[in-house]
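Listed below, chain by chain, are the residues.
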Amino acid sequence: MASFNPKVALQALVQMRVRRRPFVLSHGINARCNLRCPFCEYWRTPGPEMTSDEIFAMLDDARSFGIGVYNAWTAEPLLRPELPAILRHAKALGMVTSLITNGALLSERVGDLSCLDLLSVSVDGIGSYPEIRGAPLEPVLEGIRAARRAGHRVLINCVISRKNLGELAELVRLAEELGVLISFEPVHRAPGVVGEVWDDYTIGKADLPEYRRSIDGLIDIKRTGGPIINSITYLKMVRDQRRDFRCHAPGIVLSVASDGTVHACRVQKEPLGNASQGLASVWAASKRRREEIVRECGGCLFFGYVENSLLYDFVPEVLIHYRWI
């Protein structure tokens, strides 16, 4: 069952349902990465980054706007030296702080995360990890262990591809051994990923029987109390490769790139404005276009967007079984 903080839940409900504003600020805290994952686009086009002072100003603005959660991610947040000060600023404003990392630098930087509430680490395989991420897995696991020793609540996230289909249940066992939670989502094609790479990672027709068996295995583990945070509703969508939900992502998550550009979401990257213009101003000016983007979008199955859209619509099974830390 999902963790429930009544105060935060009430704030989120008022912000999204009454004020009609997003509750989460998802911020690309830098434009650089220390890995070169073939299926990822973020390391391919590094660009400008907001200064620390600009980020502090954005956080102040976000809190005034009603934002309650600050999520630092992409390309690799642990490469940013000022990360502790940024997290400390968000925490001092009363925000819940979260971070998504590839974990390669986690062991050496775990001491900088004292103001972090939620830590998510990307682990897409065990035997397949070096091929998928182009780096060894053990330093990442050591980082997770160090984070657990430091008292952090940790989630590992697995992007499902044809490379790791045979390891999904094994990854759940790894999560249990580490004392962490785990989430799954299917690989999503990024515009910068060339056809040959995509063909190597995507689930083809020949892979479908194993793919469906693997997801059914996750559903069974979920039903028997395994540490999978995804809802059964979502896992069935992933298994059947269908998008049977109404997307509310732009109304839940405010997506800001490393240079301050505001987007509707991580898929639809049409610039809607810049954080320097004021979040309330960008939000008001982009209302019509955001609605058009949602209507025109072909959809995705990123679990954060799907699960939270289902929560927004009060889907009973998701309210009961989507488990977040």
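The structure displayed is predicted, hence computed values, not measured ones.

(A) Main features of the overall build of the protein chain. Each helix and strand in the protein chain was counted, giving 15 helices and 9 strands. Expected size for 325 residues packed as a compact globule is a radius of gyration near 20 Å; at 19 Å, the protein chain falls within 12% of this value. Across its three principal directions, the C-alpha atoms of the protein chain cover 50 × 40 × 40 Å. A total accessible area of about 14200 Å² is found for the protein chain, and carbon and sulfur atoms account for 53% of it. Charge-centre separation for the protein chain: the mean point of 40 positive side chains lies 6 Å from the mean point of 37 negative side chains.

(B) Representation of the UniProt feature "domain: Radical SAM core" (unreviewed entry) in the protein chain in the model. Within the UniProt annotation, "domain: Radical SAM core" (unreviewed entry) is assigned to residues 16-227. In residues 16-227, the share of helix is 39% and the share of strand is 16%. The end C-alpha atoms are 28 Å apart.

(C) Examining the sheet that holds strand S7 (residues 253-256) more closely. Taken together, the 9 strands give an open sheet; going across it, the order is S6-S5-S4-S3-S2-S1-S7-S8-S9, and neighbouring strands pair in mixed fashion. Of all strands in the sheet, those bounded by a partner on one side alone are strand S6 (181-186) and strand S9 (273-274). Across 5 bridges, strand S1 (residues 24-28) lies against strand S2 (residues 69-73) in parallel orientation. Its bridge partner lying in S2, Leu25 is registered against Tyr70. Against the sheet, helix H14 (residues 303-312) contacts strand S5 (154-160), S6 and S7, and its axis sits at roughly 100° relative to S6.

(D) Fine view of the side chain of Ser122. You can see Ser122 is positioned in strand S4 (residues 118-122). If sequence neighbours within four positions are ignored, Ser122 has contacts with Ile100, Thr101, Asn102, Tyr129, Arg133 and Asn157.

(E) Spatial organisation of a nonpolar patch on the surface. The grouping of Leu10, Leu13, Val14, Val18, Phe314, Leu319 and Ile320 at the surface amounts to a nonpolar patch, some 630 Å² of accessible area in total. Looking at the nonpolar patch, the elements with two or more residues in it are helix H1 (6-18) and helix H15 (316-321). Per-element accounting of the nonpolar patch gives the leading share, 4 residues, to H1. Considering the arrangement of structural elements, one finds Ile320 in helix H15. The exposure class assigned to Ile320 is partly exposed, which follows from its relative accessible area of 43%.

(F) Representation of helix H6 (residues 138-149) in the model. With 12 residues, H6 ought to run about 16 Å at 1.5 Å a step, and its terminal C-alpha atoms sit 16 Å apart, in line with that. When we look at burial in H6, the residues that qualify are Val140, Leu141, Gly143, Ile144, Ala146 and Ala147. One or two steps after H6, the chain reaches Gly151, where phi turns positive at roughly 95°.

Rules and cut-offs
Within each chain, residue numbers correspond to sequence positions counted from 1 in written order. Side-chain atom pairs in this predicted model are given and counted only at pLDDT of 80 or more, local residue features only at pLDDT of at least 70, and totals for whole chains, interfaces and linings cover all residues. As a convention, hydrogens and water are excluded, and side-chain values are obtained from all of the structure's heavy atoms. Here a strand is any run of E in DSSP of at least two residues, a helix any run of H or I of at least four, and the numbering for each starts at the N terminus. Only the C-alpha atoms count toward the radius of gyration. The rule for a globule is 2.2 Å times the residue count to the power 0.38. For every accessible area listed, the method is Shrake-Rupley and the probe measures 1.4 Å; residues are considered covered only by the protein chains on display. In this tally, Lys and Arg are treated as positive and Asp and Glu as negative; His is ignored, and so are the chain termini. Each charge is placed at NZ for Lys, CZ for Arg, CG for Asp and CD for Glu. UniProt positions are given in the numbering used here, feature names are shortened, and annotations may be inferred rather than shown by experiment. Strand pairing follows a simple DSSP-based rule, namely that at least 2 bridges must link the two strands. A contact between two residues is defined here by any heavy atoms of the two lying within 4.5 Å. Between the N-to-C directions of two axes lies an angle of 0 to 180 degrees, each axis being a line fitted to C-alpha atoms and, for a helix, fitted only over the stretch in contact. Each patch groups residues whose relative accessible area exceeds 30% and which form no salt bridge, using 9 Å between like charges and 5 Å between nonpolar side chains of Val, Leu, Ile, Met, Phe, Trp and Tyr. Salt bridges are counted wherever a side-chain nitrogen of Lys or Arg sits within 4 Å of a carboxyl oxygen of Asp or Glu. Each residue is placed in one exposure class: buried if its accessible area under a 1.4 Å probe, protein chains only, is under 20% of its type's maximum, exposed if it is over 50%, and partly exposed if it falls in between. In this scheme, a helix's expected span is set at 1.5 Å multiplied by one less than its residue total.

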